[in-house]
Amino acid sequence: MSSYRVAGKGRVDTGKPVDFTFDGKTYQGGVGDTVASALLAHGEHLMGRSFKYHRPRGAVAAGSEEPNALIGTRRGPGRFEPNTRATMQEIWPGLETQSQNKFPSLKFDVGAVNDAAYMMFSAGFYYKTFMWPRSFWDKVYEPFIRQAAGLGVSPTEEDPDHYASRYLHCDVLIVGTGPAGLAAAKVAAQDGLKVVIVDEHSEAGGTLLSEPQAKIDGTPAWDWLSATLAELKATGVKVMTRTTAIGYYHQNFVGLCERVTDHLSALPDDTPRERMWRVRAKRVILAQGALEKPLVFHGNDRPGVMLAGSAQTYLNRFGVLVGKSPAVITSHDSAWFAAFDLADSGAKVQVIADTRAEVDADLIAGAKSRGIPVKLSHTVTATSGRLRVKSVRLNPVDGGSVGAGSNVTCDALLMSGGWTPSLHLFSHTKGSLTWDTDLTTFLPNETPEDCIIAGASRGLWGIEAALKDGVTAGEQTLDALDRAASGTHSYAVENDRAGTGVTHKELLTDKSPGKAKAFVDYQNDVTAKDLRLAVREGMRSIEHVKRYTTNGMATDQGKMSNINGLNIAADALGKPQPKVGLTTFRPPYTPTTFGAFAGYHRGEHFEVTRKTQIDGWARENGAVFEPVGQWSRAWYFPKPGEDMETAVRRECVTTRNSVGIFDASTLGKIEVKGPDAVEFMNRMYTNPWTKLGIGRCRYGLLLGDDGFIRDDGVIGRFGQDLFHVTTTTGGAARVLNMMEDYLQTEWPDLNVWLTSTTENWSTIALNGPNAARLLAPLVEGIDINDEDFQHMSCAEVTVAGMPARLFRLSFTGEIGFEINVPAPMGRQLWEALWAAGQAYDITAYGTETMHVLRAEKGYIIVGQDTDGTVTPQDCGMGWAIGKAKPDFVGKRGLMRPDLVAKGRKHLVGLLTEDDSKLEEGAQIVFDPNQPKPMTMVGHVTSSYQSDAVGQPIALALVAGGHDKMGETVYIPMPDRTIKAKITSTVFLDPENTRLKIAKES
Amino acid sequence: MLLIHCPYCKETLPESEFTYAGQAHIVRPEMPSEQTDAQWEEFLFLRANPKGPHYERWRHFHGCGRFFNAVRDTVSDKFLTTYPANTPKPDLESLIGDAE
Amino acid sequence: MLHPVSQHQPGVLVASVAAQVSLCAPVARLSLRAKGDVTPLTGAFGVSLPSGIGTCAETDRLSAVRLGPDEWLMKAEVDDLPAILSAGERLYDTLPHSLVDVSGREVTLELSGPKVLDLLTLGMARDPEMIPVGDARRLNFDGVTVLLWRKAEDRFEMDIWHSFAPHILSLLKTGVAELAAEV
Ligand SMILES: [Zn+2]
């Protein structure tokens, strides 16, 4: 047995040894140990270096509030996590851990020179030190800060674990399994009520785990605990351990992070490392207990200086003496009990020093009976010991003046500055707090949530008080749920340790206050001196003091430092604490992994990826994909050896020379049906629809009421009351939402309905001079020629044996068709067309070629050539506006003064003088010789190589562009300035001769 | 995540089923072309930004698909009420009374 | 994973002791929109259209759910589709409505097993237990709008638009295995 382990104490099973390593050295603990308790069992207090000064640090606490003992944990490749609390990480065989912020070793660290340069690093040092000279920033300051800043090191490999998330609905959620939480759960556990109780620790019990001496209704605390847990589970209460309530959000929505496998040596299959529970509870009971405050004195951060309550926990829960000859300094009764427990387990307690002049006679008697020297009205002014405390200097205080000190040798120093209710989750609810002068702390007041806070978290000390308050909370909760409590619950507790105490700012010292390193925030290395300096330098609000000093801004969110910091700042300001105020606690309660937040949404499942029915064929045929909105679309289809440019040029040329096939299934489709369909279309789109014949289709332009282009697409009329609307791929959901909005809220009188049919159809486009020749033999129901099925027609036909809605339209300038078949038939149709197309050397093409072909014809892509500030006139599409219509969405908007003003940016074509391809997004100027910054008059929206045109083409928005045809503009690039000529947007076949189907001879 | 009562489905449901749709009770004029520039500007651009109860629109996007109106307190983020589109503004005084 | 889900054979896609996910055979699907008194449509389709949003009505060849104030969805035998469409057509002049064949739009997955309620909590913020047996709800499942029918205490059907089905199925597969590991 390791030398600090006490036989017969604690809940660790030392009969089941567990080997793990810390900084490469193997240590043995038992099942139930944390890394901290196992190291302490070997007498190892030194567990890390501090963040700023690299001072040696040990565990100061035993729970998740631990600021110092942060370690890296490793479980093979990819499974490294920094900044884990050694006090929370359970050991398992093979666990590798390492200390942080040290170089080259934990025991000898060169960064500790920062400690010697203490004066330089005082409050606001970032703001002051690195201000000047400016040139030092890149080379000196920033590298230095980057080296010094940040806790631990980031993992470098991809995390191989899986993370999970679930929603959980319950009637009652109880946070904390201490006496208050358990008593509340016992009351709330009723048939038909779903009760969940959670605790961040590996086992339930809270304070009870550290106080086995208590007897509840005559039963020893641990027996009562196991009986209670068994009873709760038997009544269906969900008891969750290793589960941290990280945040409390609106309407009783609480986030729980469950650590599922971090304590296991072998990872089970299909099991997540962590699971985020998103809980919606009808009622919440917060029973998070209280956190012990450190005392603030010079040398209070030396390894071996520890909270007295934590020392008690290490002894009673883990069976570990944190020292064999500890000293105690306290301002609260609770540390006396800790001292007694250690003494009773064989420790030679050197002294109990109390800052108070008077303490309860029973405590004095208890010390006396154990032979422990007592010093009342004492302060501590120093500690010694390089890597672990060796002695403490205690000085008498008389009337505010500090007398001569004497050193007391010790191997640990237990301290207690009293207790602070844990109000973190309560604060997340925007709960209000009241300052309690007697307890020198904030207590919970009112919360807007359906929540009750119970036990020590509202300032009630002792197990009996917590149990009774838990009962009350349970009863009130049942009452709120319109349930009656069954039976009465009352508790009597023997050996309870409800104590009292006083609260201090930093302790009185005989040192010059400027030299004292009395730490308030261990994790961010903030001292009492820093806080006072901040106030002297003009910080008045606690929020400013916090940011200037970084007090409470570390990953522990000031769990141990906030109240001490407030007391000192308030003293420095000469104001009462509530006038200075408390900083806001925000979620998460403890640091939470990105994995837990991401849950299932990583890798392939990172976000919704929509795929068409043709996706499989495209994959099998080597397509490269690009994301378009949520869709994954085939971008181009390279043949072996082809790069993107070669592939796209081949696809373009083949389509223009023969025929290309394109998967247009992602286009949004809306079935507009009802007696008022045409009226609705007239009101929504700029174009007139009344005279569009059945079996004809038309390009439709959709504006917002501000007059700007929102969407476009071809719309076919399949009946008097039936339109088949297509939208852009990215706009589908937005357009349907907009249409529903107008229909439901502005025109509810219209008898017309919208049905999304995007996914009902697979849509395959055929384009090219051979498109009709390819398609015609496959079509039943109509003849494919210019007489029977002219350009901009639509019909319900059969294609390759499949029912289809066939459109004749063109987004390429070639003879074009879009064939819609019921979606699951999409691949069958594609393959039929592909087979038939072999005779014409058909090419499959992707979105890039589609973009090139349409740009050659000057067809816009909404969202690429328009950006939400472009009108139809700006795009030269005034022809699409039904001027005779009394109204349509955007009609009034188009008359706005700014939209009819001169000098608006117009969409034009650009041809470069040197035949270079412009960069999309490149800015345009009229005068390349003007002084910088130049006046930018527009930008390139689309730019492609074009074999059909014979030179690269571009579309651009240029101020007054329509009036500048043939003029030259300039595109300044980093290495040169490119000259380009403004042209029409139509680069190819302006007469549309290529749309005609030649008569077959 | 808020809970929102859909006045059509008559169920109180998680916010993730809903989308926000701007301020409520802004009626598109019967004949926009007759609007002055100032009137049209008012309709198109000018919106309230109250600290406290706000009349606003939501859509039960993933559910019944209906747009509806709500009164939400922008300070507490609490919904005071929700009600169908095209129904009059509820009386604020009585709503605040109910909430307290 | 094979795309699209509709190309799988109907039957079990993934199963464990906790839950199983199966692909249902194709059916005819119709979106019905109408205002006012819809009683005449009841006669036409042979099912009395349910009145509460989320409630369902069923005959041996057809099931209908009310999705919104003016919206119903019907699932029917594939062979019955033409008859239903023409029954609607006959009523159109007297009771204008929109009846759209959306049979090609989605797939249906059947989710069942002892842990099926837990499986649903992977993706939906709503409490699945609050959906009464026999009802259906359109809702958000892992960011996707789906229609969830509760067929029995431990059996649901989820209608998913084709393009979203692989995403949903991948989550369900993870969940089926994860829940089994907990048993
Ligand atoms: Zn609804």
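Just so it is clear, the model here is predicted, and its values are computed rather than measured. (Residues numbered from 1 in each chain as written. Chains lettered and ligands numbered in written order. Predicted model: local features only at pLDDT ≥ 70, side-chain atom pairs only at ≥ 80, totals over all residues. Heavy atoms only, no water.)

**Focus: the overall build of chain B**
Selection rule: Secondary structure elements follow DSSP: runs of H or I no shorter than four residues count as helices, runs of E no shorter than two count as strands, and numbering proceeds from the N terminus. For the exposure calls, accessible area comes from a 1.4 Å probe over protein chains only, and a residue counts as buried if that area is under 20% of its type's maximum, exposed if over 50%, partly exposed in between. Contacts between residues were defined by any pair of non-hydrogen atoms, one from each residue, lying within 4.5 Å. All accessible areas in this document rest on Shrake-Rupley with a 1.4 Å probe, and a residue is counted as covered only by the protein chains that are shown.
Of regular secondary structure, chain B possesses 2 helices and 6 strands. In sequence order, chain B lays out its α and β elements as β-β-β-α-β-β-β-α. Residues counted as buried form 44% of the 100 residues belonging to chain B. For chain B, the share of sequence-separated contacts (at least 6 apart) that also reach a separation of at least 24 residues comes to 44%. Here chain B displays about 5100 Å² of accessible surface, and carbon together with sulfur accounts for 51% of that area.

**What to know about the UniProt feature "domain: GCVT N-terminal" (unreviewed entry) in chain A**
Put simply, the rule is: UniProt positions are given in the numbering used here, feature names are shortened, and annotations may be inferred rather than shown by experiment.
In the numbering used here, UniProt assigns the feature "domain: GCVT N-terminal" (unreviewed entry) to residues 617-885 of chain A. A helix fraction of 25% and a strand fraction of 30% characterise residues 617-885 of chain A, whose end C-alpha atoms lie 46 Å from each other.

**Let's talk about the interface of chain C and chain B**
Put simply, the test is: Here's the idea: put two parts together, see how much 1.4 Å probe accessible area each one loses, and the total over both is what we call buried area. Salt bridges are defined as contacts in which a side-chain nitrogen from Lys or Arg sits within 4 Å of a carboxyl oxygen from Asp or Glu. We define a polar contact as two N or O atoms separated by no more than 3.5 Å, with the added condition that, inside protein, one atom must be a possible hydrogen donor and the other a possible acceptor, whereas residues neighbouring each other in sequence contribute only through side-chain atom pairs.
With 16 residues of chain C in contact, the opposing surface of chain B contributes 14 residues. Roughly 1100 Å² of surface becomes buried between chain C and chain B when both sides are summed, with 48% attributable to carbon and sulfur atoms. Ionic pairing is found between Arg126(C) and Glu17(B), a salt bridge with its closest N-O pair at 2.5 Å. Linking chain C with chain B are 8 residue pairs in polar contact (both at pLDDT 80 or more), by the criterion used here. Per-element tally for the side of chain C that touches chain B: the top contributor is strand E9 (residues 136-141) of chain C, with 4 residues.

**Digging into the pairing of strand E2 (residues 20-23) of chain C**
Residue and element names in this part refer to chain C. Our working rule: For two strands to count as paired, DSSP must find a minimum of two bridges between them.
Inspection of the sheet shows strand E1 (residues 11-15) paired to E2 by 4 bridges, in the antiparallel sense. Within E2, the position partnered with Gly 11 by the bridge is Leu 23. Linking E1 to E2, which pair antiparallel, is a turn of 4 residues. Where E2 lies against strand E8 (residues 106-112), 4 bridges are found, and the strand directions are antiparallel. Along E8, the bridge assignment pairs Val 21 with Leu 111.

**A short note on the pattern of salt bridges**
Side chains that differ in sign of charge can pair as their charged atoms come close. All names here are of chain A. Per the stated rule, a full pass over the model turns up 77 salt bridges over all chains. Between Arg 904 and Asp 874 there is a salt bridge; the shortest N-O distance is 2.8 Å. Linking Arg 904 in the loop between helix H24 (897-900) and strand E47 (905-912) with Asp 874 in the loop between helix H23 (847-856) and H24, this pair joins segments that are 30 residues apart in sequence. For the pair formed by Arg 904 and Asp 874, the shared burial category is buried. Between Arg 976 and Asp 975 there is a salt bridge; the shortest N-O distance is 3.9 Å.

**What about unusual backbone geometry?**
Each neighbour pair has its own omega, and for Pro587(A) with Pro588(A) the value is -5 degrees, a cis peptide bond. Positionally, Pro588(A) belongs in the loop between helix H15 (577-580) and helix H16 (594-598). Positive phi values are uncommon outside glycine, yet His54(A) reaches one of about 55 degrees. Turning to its location among the elements, His54(A) is positioned in the loop between strand E3 (46-49) and strand E4 (56-58). One non-glycine residue with positive phi stands out, namely His25(B), at about 60 degrees. Residue position: His25(B) is located in the loop between strand E3 (19-23) and helix H1 (37-45). What makes His25(B) partly exposed here is its relative accessible area of 30%.

**Observations concerning the environment of Pro373(A)**
All names here are of chain A. Here Pro 373 lies in the loop between helix H9 (361-369) and strand E20 (374-375). Judged by its relative accessible area of 39%, Pro 373 is partly exposed. The spacing of Pro 373 and Val 349 is 24 residues in sequence and 8.1 Å in space, taken between C-alpha atoms. Beyond its immediate chain neighbours, meaning those up to four positions away, Pro 373 contacts Val 349, Gln 350, Val 351 and Ile 352.

**Details of the interface of chain A and chain C**
Put simply, the rule is: Gly is put with the polar residues, along with every residue not named as nonpolar or charged; the nonpolar set is Ala, Val, Leu, Ile, Met, Phe, Trp, Tyr, Cys and Pro, and the charged set is Asp, Glu, Lys and Arg.
The interface of chain A with chain C comprises 43 residues on the first partner and 44 residues on the second. Summed over both partners, the interface of chain A with chain C comes to about 3600 Å²; 52% of that surface belongs to carbon and sulfur atoms. Summed over the three residues of chain A that lose the most area to chain C, namely Tyr167(A), Trp753(A) and Glu759(A), the buried surface amounts to 20% of that side. At the surface where chain A touches chain C, the tally comes to 6 salt bridges. With a closest N to O distance of 3.3 Å, Glu178(C) and Arg166(A) form a salt bridge. Where chain A packs against chain C, one counts 30 residue pairs in polar contact (both at pLDDT 80 or more). Contributions of two or more residues to the side of chain A that touches chain C are made by strand E8 (163-175), strand E36 (668-673) and strand E40 (753-756) of chain A. Here the side of chain A that touches chain C gets 5 residues from one element, more than from any other, and that element is E8(A). Partitioning the side of chain A that touches chain C into residue classes produces 13 nonpolar, 15 polar and 15 charged.

**A word on the sheet that holds strand E11 (residues 155-161) of chain C**
Strand pairing in a sheet is mediated by backbone hydrogen bonds. Such pairs are either parallel or antiparallel. Residues and elements named next belong to chain C. As a reminder of what qualifies: All axes are obtained by fitting lines to C-alpha atoms, using only the stretch in contact for helices, and the reported angles, taken between N-to-C directions, cover 0 to 180 degrees.
Spatially, 6 strands are ordered E1-E2-E8-E11-E10-E9 in an open sheet, and the strand pairing comes out antiparallel. The sheet terminates laterally at E1 and E9, the two strands that pair on one side only. Adjacent strand axes in the sheet meet at a mean angle of 30 degrees, parallel and antiparallel pairs treated alike. As paired strands, strand E10 (residues 144-152) and E11 are joined by 5 bridges and run antiparallel to one another. Looking at the pairing, Trp 149 lines up with Glu 157 of E11. Running at roughly 50 degrees to E1, helix H4 (residues 165-182) makes contact with E1, E2, E8, E9, E10 and E11 of the sheet.

**Focus: the packing of helix H12 (residues 528-536) of chain A against helix H14 (residues 562-573) of chain A**
All names here are of chain A. Inclusion rule: Roughly parallel covers angles under 35 degrees, roughly antiparallel covers those over 145, roughly perpendicular covers 65 to 115, and oblique covers all other angles. Each crossing is labelled by how the near helix is turned from the far one, with a counterclockwise turn of less than a right angle marking it left-handed and a clockwise turn marking it right-handed.
Contact geometry of H12 with H14 gives a least axis separation of 9 Å together with a crossing angle of 40 degrees. Accordingly, the angle class assigned to the pair H12 and H14 is oblique. The crossing of H12 and H14 is right-handed. Residue-level inspection shows Ala 528, Leu 531, Arg 532 and Val 535 of H12 in contact with H14, the latter providing Gly 565, Ile 568, Ala 569, Asp 571, Ala 572 and Leu 573. Broken down by class, the residue content of the contact of H12 with H14 amounts to 7 nonpolar, 1 polar and 2 charged.

**Some thoughts on the UniProt feature "domain: SoxA A3" (unreviewed entry) in chain A**
According to UniProt, the feature "domain: SoxA A3" (unreviewed entry) maps to residues 516-599 of chain A in the numbering used here. Across residues 516-599 of chain A, the secondary structure splits into 45% helix and 6% strand, with the terminal C-alpha atoms separated by 46 Å.

**Remarks on the coordination of the zinc ion**
Reference values for angles at a metal are 109.5 degrees in the four-donor tetrahedral case and 90 or 180 degrees in the six-donor octahedral case. Residue and element names in this part refer to chain B. Going by this rule: Sodium, potassium and calcium take a 3.2 Å donor cutoff, other metals 2.8 Å, and in both cases only N, O and S atoms count; water is not among them, so sites may look incomplete. Note on geometry labels: four donors, all angles 85 to 135 degrees, give tetrahedral; four donors become square planar and six octahedral when opposite donors are over 155 degrees apart and every other angle is between 65 and 115; remaining cases are irregular.
Taken together, Cys 6 (SG), Cys 9 (SG), His 60 (ND1) and Cys 64 (SG) make up the full set of protein donors to the zinc ion, lying 2.0 to 2.4 Å away. Coordination at the zinc ion comes from 4 donor atoms whose angles at the metal span 103 to 117 degrees, giving a geometry best classed as tetrahedral. The motif formed by the donor residues of the zinc ion, counted along the single chain, is C-x2-C-x50-H-x3-C. Within this pair, whereas Cys 6 is found in strand E1 (residues 3-6), its partner Cys 64 is found in the loop between strand E4 (53-59) and strand E5 (67-73), the two being separated by 58 residues in sequence. A relative accessible area of 4% places Cys 64 in the buried class.

**Topic: the sheet that holds strand E51 (residues 968-972) of chain A**
Residue and element names in this part refer to chain A. Ordered in space as E48-E49-E50-E47-E52-E51, the 6 strands form an open sheet in which the pairing is antiparallel. Lying at the two open borders of the sheet, with one neighbouring strand each, are strand E48 (923-924) and E51. Of the strand pairs in this sheet, E47 and strand E50 (residues 953-959) are connected by 6 bridges, and their pairing is antiparallel. In the strand pairing of E50, Leu 910 is matched with Ala 954. Sitting on the sheet, H23 is in contact with strand E49 (938-944) and E50, with an inclination near 115 degrees to E49.

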